[in-house]
Amino acid sequence: MLAINVDMVPRLKILGFIAYKSPWIHFKRNINEYVLYFVRSGELHLKEEDRHYVLRKGDMLILEPNMTHEGTAKHLCDYYYIHFEHPDIQSVHMENILSLAHYFIVEHEQSPFIEHTPSVPTINPFACYFPKHHTIADKTRFNLVLHALHEMQQLYKRRHYNRSLPALRFIQLLIELSREHFMDELKRNDRLHSKSFVKVNALLDYIHQNYQQKITGHDIELAFEGNYDYLNRAFRLVTGQSISRYINTVRVNQAKELIETTPLSIGEIGYLIGINDPYHFSKVFKKYVGISPTQYYKRVRGNEQ
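A few points on the structure. (Residues numbered from 1 in each chain as written. Predicted model: local features only at pLDDT ≥ 70, side-chain atom pairs only at ≥ 80, totals over all residues. Heavy atoms only, no water.)

**Re the sheet that holds strand S6 (residues 51–55)**
Our working rule: The pairing criterion is simple: DSSP has to find at least two bridges between the two strands. Here a helix means four or more residues in a row that DSSP labels H or I, a strand means two or more in a row labelled E, and each is numbered from the N terminus.
Taken in spatial order, the four strands line up as S3-S8-S5-S6 in an open sheet, and their pairing is antiparallel. The sheet is open, and its two edges are formed by strand S3 (29–30) and S6, each paired on a single side. By the bridge criterion, five bridges tie strand S5 (residues 44–48) to S6 in an arrangement that is antiparallel. Directly across from Lys47, in S6, lies its bridge partner His52.

**A short note on the sheet that holds strand S9 (residues 75–85)**
The test is simple: Working convention: axes come from line fits to C-alpha atoms, limited for helices to the stretch in contact. Angles between N-to-C directions cover 0 to 180 degrees. Should any heavy atoms of two residues lie within 4.5 Å, those residues are counted as being in contact.
Strand order in this open sheet of five strands is S2-S9-S4-S7-S12, and the pairing throughout is antiparallel. Whereas interior strands pair on both sides, the edge strands pair on one side only; in this sheet they are strand S2 (11–24) and strand S12 (133–135). Strand-to-strand twist of the sheet, defined as the mean angle between neighbouring strand axes without regard to direction, takes the value 15°. Packed on one face of the sheet, helix H2 (residues 139–157) meets S2, strand S4 (34–42), strand S7 (59–63) and S9 and runs near 115° to S2.

**Side note on the pairing of strand S1 (residues 2–5)**
What counts is decided by this rule: Per-residue accessibility, obtained with a 1.4 Å probe over protein chains only, is compared with the maximum for each type, and a residue is labelled buried under 20%, exposed over 50%, and partly exposed between these values.
Every second residue of S1 is oriented toward a common face, with Leu2 and Ile4 on one face and Ala3 and Asn5 on the other, all of them buried. Bridge analysis of S1 against strand S10 (residues 89–91) gives three bridges, and the strand direction is antiparallel. By the bridge assignment, Ala3 is partnered in S10 with Gln90. Both S1 and strand S11 (residues 127–130) contribute to a ladder of four bridges, which runs antiparallel. When the sheet's bridge partners are listed, Ile4 is paired in S11 with Cys128.

**Concerning the pattern of salt bridges**
Put simply, the rule is: Here, a salt bridge means any Lys or Arg side-chain nitrogen found within 4 Å of an Asp or Glu carboxyl oxygen.
Summed over all chains, the structure comprises nine salt bridges. The shortest N-O distance in the salt bridge between Arg56 and Glu43 comes to 3.2 Å. Of this pair, Arg56 sits in the loop between S6 and S7 while Glu43 is found in the loop between S4 and S5, placing the two residues 13 residues apart along the sequence. On the accessibility criterion, Arg56 (43% relative accessible area) is partly exposed. With a closest N to O distance of 3.2 Å, Lys132 and Glu64 form a salt bridge. Within this pair, whereas Lys132 is found in the loop between S11 and S12, its partner Glu64 is found in the loop between S7 and strand S8 (68–73), the two being separated by 68 residues in sequence. Summarising the burial analysis for this pair, Lys132 and Glu64 share the class buried. One continuous salt-bridge network, built from bridges that share partners, spans Arg11, Lys13, Glu33 and Glu85.

**Here's the deal with helix H6 (residues 228–239)**
Test applied: The span one expects for a helix is its residue count, reduced by one, times 1.5 Å. The arc in question is traced by the directions running from the helix axis to the C-beta atoms. In protein, a polar contact means a hydrogen-donor-capable atom and an acceptor-capable atom, both N or O and within 3.5 Å, with residues adjacent in sequence counting only if both atoms are side-chain atoms; elsewhere, any N or O pair within 3.5 Å suffices.
Over its 12 residues, H6 extends 16 Å from the first C-alpha to the last, a length consistent with the 16 Å expected when each residue adds 1.5 Å. Restricting attention to buried positions, one finds in H6 the residues Leu231, Asn232, Ala234, Phe235, Val238 and Thr239. In a view along the axis of H6, the buried residues occupy a sector of 165°, so they form one face of it. Here H6 starts with a cap whose side-chain oxygen sits 2.9 Å from the backbone nitrogen of Asp229, and that cap is Asn227. Among the residues trailing H6, Gly240 stands out with phi positive, at a value near 85°.

**Some points on the layout of surface pockets**
Over the atoms a probe the size of a water molecule is rolled, and this reveals where empty space is left. Selection rule: A cavity here means a set of points on a 1 Å grid, drawn over the protein atoms and nothing else, where a 1.4 Å probe fits but cannot get out; a pocket is an open set with protein on both sides within 12 Å along at least five of seven lines, and a residue lines either one if it has an atom within 4 Å of a point. Grid points are joined across faces, edges and corners, and a volume is the space filled by probe spheres set on the points.
The computed volume of the second largest pocket comes to approximately 300 Å³. Those elements giving two or more residues to the lining of the second largest pocket turn out to be helix H5 (217–224), helix H7 (243–261) and helix H9 (278–289). The dominant element in the lining of the second largest pocket, judged by the number of residues it contributes, is H7, at five residues.

**Structural notes on the side chain of Lys132**
With a relative accessible area of 9%, Lys132 lands in the buried category. A polar contact of 2.9 Å, which involves the side chain of Lys132, links it to the side chain of Glu48. Within the structure, the side chain of Lys132 is placed 2.8 Å from the backbone oxygen of Ile62, a separation counted as a polar contact.

**Re the side chain of Glu33**
Here Glu33 is to be found in the loop between S3 and S4. For Glu33, a relative accessible area of 9% puts it in the buried group. A distance of 3.0 Å separates the side chain of Glu33 from the side chain of Lys13, its partner in a polar contact. Among the polar contacts listed, one links the side chain of Glu33 to the side chain of His83, at a separation of 2.7 Å. Apart from residues lying up to four places away in sequence, Glu33 is in contact with Lys13, Leu63, Glu64, Pro65, His83, Phe84 and Glu85.

**Quick word on the nonpolar core**
Under the convention used in this document: To qualify as a nonpolar core, a set must consist of buried Ala, Val, Leu, Ile, Met, Phe, Trp, Tyr and Cys residues joined through side-chain atoms within 4.5 Å.
Formed by 32 residues in total, the largest nonpolar core has its most connected members in Leu203, Ile207, Ile220, Phe235 and Ile243. Where this core is concerned, the elements lending two or more residues are helix H3 (164–189), helix H4 (194–210), H5, H6, H7 and H9. It is H7 that contributes the most residues to this core, eight residues altogether. Sequence-distant contacts of Ile207, defined by excluding residues within four places in its chain, comprise Ile215, Phe235, Ile243, Tyr246, Ile247 and Val250. Judged by nonpolar contacts, the second largest core, of 29 residues, contains Leu15, Phe84, Val145 and Leu174.

This is the structure we're talking about:
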């Protein structure tokens, strides 16, 4: 698995698409950059040092620098390729992928400012964790990746564009695929049925997109066409807390960030996070943080003149 610091933009060196009409074998090489392959059809047989890969439709592979890469068999194949450099990317070994997936899909959304979690003590919360070899089996997802790669290729070809545009789209694609990979891990191993898990994940997105306004149980029932009590039970099973508590956690975390980084008043911050009543905002904030918003402001910004 690779850990990529997504706060830094990669440098794209080569990006393109190739289709072989007759059987072809990849040449041998050793280069000092990363290479991503995504196979649209056919087969691509490769080895990296002593590790062999057979890539088929929907397979994505990232080869690492300063390793010997070479083809192992001739086949028809067409694929996208991206050669890139990145200042902060490393190969990591994670024994508990399920805990890592749970952290990034559930725990990290609740408290994005923590530096570690007991279940996965060595992770970087600001990195994108991405498998070297990843298969996209879902047809819709496969087509979306093809569209994203085609879009990147068109941006890359238009020389008057800044090269950072396809690089930013590339980072976005890696983040999306990382999240989908972790979602697949949770669906395969979680106690919930797949449909329930997908609905809970959609509810997580709904909360993050709408926490700035009032969210009622009726609103959630209408949006997800389901009984609120059932959704709440499923939500608690995945996240470890109720829907209402999760909403407040998201709001309080956002309030903390606004207090730390903006000159807004406490009342304005309460309004921006979806709690219009200043007294209620202070009460909720103190319940989750242990001190009032004003006390928190003095603690984190008390030295400012």
